[in-house]
Amino acid sequence: MITIALSKGRLADQTLLLLEDAGYDCSAAKEDSRKLILEDAEAGLRFIMAKPADVPTYVEYGAADIGVVGKDTLMEENRQLYEVIDLGFGACRMCVCGPERLRGNLDRIPNKRVASKYPNITRAYFEKTKRESVEIIKLNGSVELAPLVGLAEVIVDIVESGRTLRENGLDVLEVIADISARLVVNRVAMKMKSGEIMPMLEAIRAQLGKDKEERGQQL
Ligand code: PRP
């Protein structure tokens, strides 16, 4: 039995589609219910439905063998696990954003206040990469509000379509990283359950290859 931690929401739906295409019966997980553990003994799969930010924790501690989670969450949580496949979906970018007038002038503001749902990524970027000391203000959502009301000069957040920024008069100032969904594996399970996990990883890789080929043919 393989236990898979899914990030509740859109990533979970796309993960299930991919697994089904790769030949795994996921009907148990598609049940419309509020159950948090969905199991199909015959298919040898157990799904646990977790908050995205908690998926790396379940996988690190072995409560789940495998997890699917955004690279943003992995960067923020920095857990001990194997990141094995870039699944490609859930693509967006982690960026420093703010008013357009700050483009190119960011480094000139001393002791900036930076608001973010991602304090660790923010700290790593400004303090380690840019060697700059900033004041980090942790928020839990609607982060774009912060520069608009003077809470912070800039934000660090994910940008997908760019619509939230546009509609609030903000812009991407610097790109920190490309983000997409990643498949992660518990370090012990990778060895102890390799007989089940390896074929699943192979089937997923093969399916991603097929999907890519199909997209290429459509272009
Ligand atoms: C995310 C992110 C941005 C927005 C980016 O927020 O924090 O606000 O999506 O998407 P866009 O570039 O397509 O507009 P989310 O919807 O998760 O809500 P939140 O602000 O409450 O975190």
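Structure first, text after, so check above.
Here's what I pulled together on the structure shown here. Nothing here was measured: the structure is a model prediction, and the numbers come from that model. (Residues numbered from 1 in each chain as written. Predicted model: local features only at pLDDT ≥ 70, side-chain atom pairs only at ≥ 80, totals over all residues. Heavy atoms only, no water.)

### Things to note about the site of the ligand
The condition is simple: Consider each residue's heavy atoms; a residue with any of them within 4 Å of a molecule or strand counts as near. N or O atoms closer than or at 3.5 Å make up a polar contact, with two conditions inside protein: a donor-capable atom paired with an acceptor-capable one, and, for residues adjacent in sequence, both atoms drawn from side chains. For each structure, a 1 Å grid was placed over the protein atoms alone; sets of points admitting a 1.4 Å probe that cannot get out are labelled cavities, open sets with protein on both sides within 12 Å along at least five of seven lines are labelled pockets, and lining residues have an atom within 4 Å of a point. Just a note on the criterion: a molecule sits in a pocket or cavity if more than half of its atoms are within 2 Å of the grid points. Put simply, DSSP marks the helices as runs of H or I at least four residues long and the strands as runs of E at least two long, and each gets a number from the N terminus on. When residue character is reported, Ala, Val, Leu, Ile, Met, Phe, Trp, Tyr, Cys and Pro are called nonpolar, Asp, Glu, Lys and Arg charged, and the others, Gly included, polar.
Around the ligand sit Lys117, Gly141, Ser142, Glu144, Asp157, Ile158, Val159, Glu160, Ser161, Gly162, Arg163 and Thr164, and those are all the residues in its vicinity. Between the ligand and Asp157, the relevant distance is 2.7 Å, taken from an oxygen atom to a side-chain nitrogen or oxygen of the residue. The separation between an oxygen atom of the ligand and a polar side-chain atom of Thr164 is 2.4 Å. At a threshold of 2 Å from the grid points, most atoms of the ligand map onto the largest pocket. Among the secondary structure elements, those contributing two or more residues to the shell around the ligand are β9 (154–159) and α7 (163–167). Ranked by residue count, the leading element in the shell around the ligand is β9, at three residues. Within the shell around the ligand, the residues separate by chemical class into two nonpolar, five polar and five charged.

### Structural notes on the sheet that holds strand β7 (residues 113–116)
So the rule is basically this: At least two bridges found by DSSP between two strands are what make those strands a pair. Angles run from 0 to 180 degrees between N-to-C directions of axes, and those axes are lines fitted to C-alpha atoms, restricted for helices to the stretch in contact.
Read from one edge of the open sheet, five strands run β8-β7-β9-β6-β10, paired in mixed fashion. With partners counted over all chains shown, the strands left at the sheet margins are β8 (135–138) and β10 (171–179), one partner each. Direction aside, neighbouring strands of the sheet carry axes that sit 25 degrees apart on average. Bridge count for β7 against β9 is three bridges, and the pairing is parallel. Residue pairing across strands places Ser116 opposite Val156, the latter belonging to β9.

### A word on unusual backbone geometry
Most peptide bonds adopt trans geometry, and most residues besides glycine take a negative phi value. The following threshold applies: Remark: exposure states derive from per-residue accessible area (1.4 Å probe, protein chains only) relative to the maximum for the residue type, with buried under 20%, exposed over 50%, and partly exposed in between.
Although it is not a glycine, Arg131 sits at a positive phi angle of roughly 50 degrees. Note that Arg131 resides in the loop between α5 (119–129) and β8. Residue classification places Arg131 among the exposed residues on the basis of a relative accessible area of 73%. Despite not being glycine, Ser142 shows a phi value in the positive range, around 45 degrees. The topology assignment puts Ser142 in the loop between β8 and α6 (145–148).

### Comments concerning the environment of Val59
Note the following rule: Pairs of residues are marked as contacts when any of their non-hydrogen atoms sit within 4.5 Å.
Considering the arrangement of structural elements, one finds Val59 in helix α3 (residues 55–60). By relative accessible area, which is 0% here, Val59 ends up buried. The spacing of Val59 and Arg79 is 20 residues in sequence and 8.8 Å in space, taken between C-alpha atoms. Sequence-distant contacts of Val59, that is, excluding residues within four places in its chain, are made with Ala5, Ala64, Asp65, Ile66, Gly67, Leu81, Val184, Val185 and Asn186.

### Examining the nonpolar core
Put simply, the test is: For the purposes of this section, nonpolar cores are sets of buried Ala, Val, Leu, Ile, Met, Phe, Trp, Tyr and Cys residues that join through side-chain atoms within 4.5 Å.
With 31 residues, the main nonpolar core has Ile4, Phe47, Leu87, Leu183, Met200 and Ile204 as its most contacted residues. Only β1 (2–7), α1 (10–21), β3 (45–50), β4 (66–70), β11 (181–185), α8 (187–192) and α9 (194–218) provide two or more residues apiece to this core. Once you skip the residues sitting within four places of it in the chain, Met200 turns out to touch Ile2, Ile4, Leu19, Tyr24, Leu45 and Ile66. Within the second largest apolar cluster, 16 residues are counted, among which are Leu102, Val114, Tyr125 and Leu173.

### As for the pattern of salt bridges
Once their charged atoms are close, side chains differing in charge can pair, the charge on each being opposite to the other. Put simply, the rule is: Just to be clear on terms, a salt bridge is a Lys or Arg side-chain nitrogen sitting within 4 Å of an Asp or Glu carboxyl oxygen.
In the structure shown here, the tally under the stated rule is 17 salt bridges. Arg46 is the salt-bridge partner of Glu39, the closest N and O atoms lying 3.0 Å from each other. On the basis of relative accessible area, Arg46 is assigned to the partly exposed category, the value being 28%. Of the charged contacts, one joins Glu174 and Lys130 as a salt bridge, the two residues approaching to 3.0 Å between their closest N and O atoms. Separated by 44 residues along the polypeptide, Glu174 in strand β10 and Lys130 in the loop between α5 and β8 bring together distant segments of the chain. Of the residues examined, Lys130 reaches a relative accessible area of 23% and is grouped as partly exposed. Linked by salt bridges that have partners in common, Lys71, Glu83, Asp86 and Arg182 make up one network.

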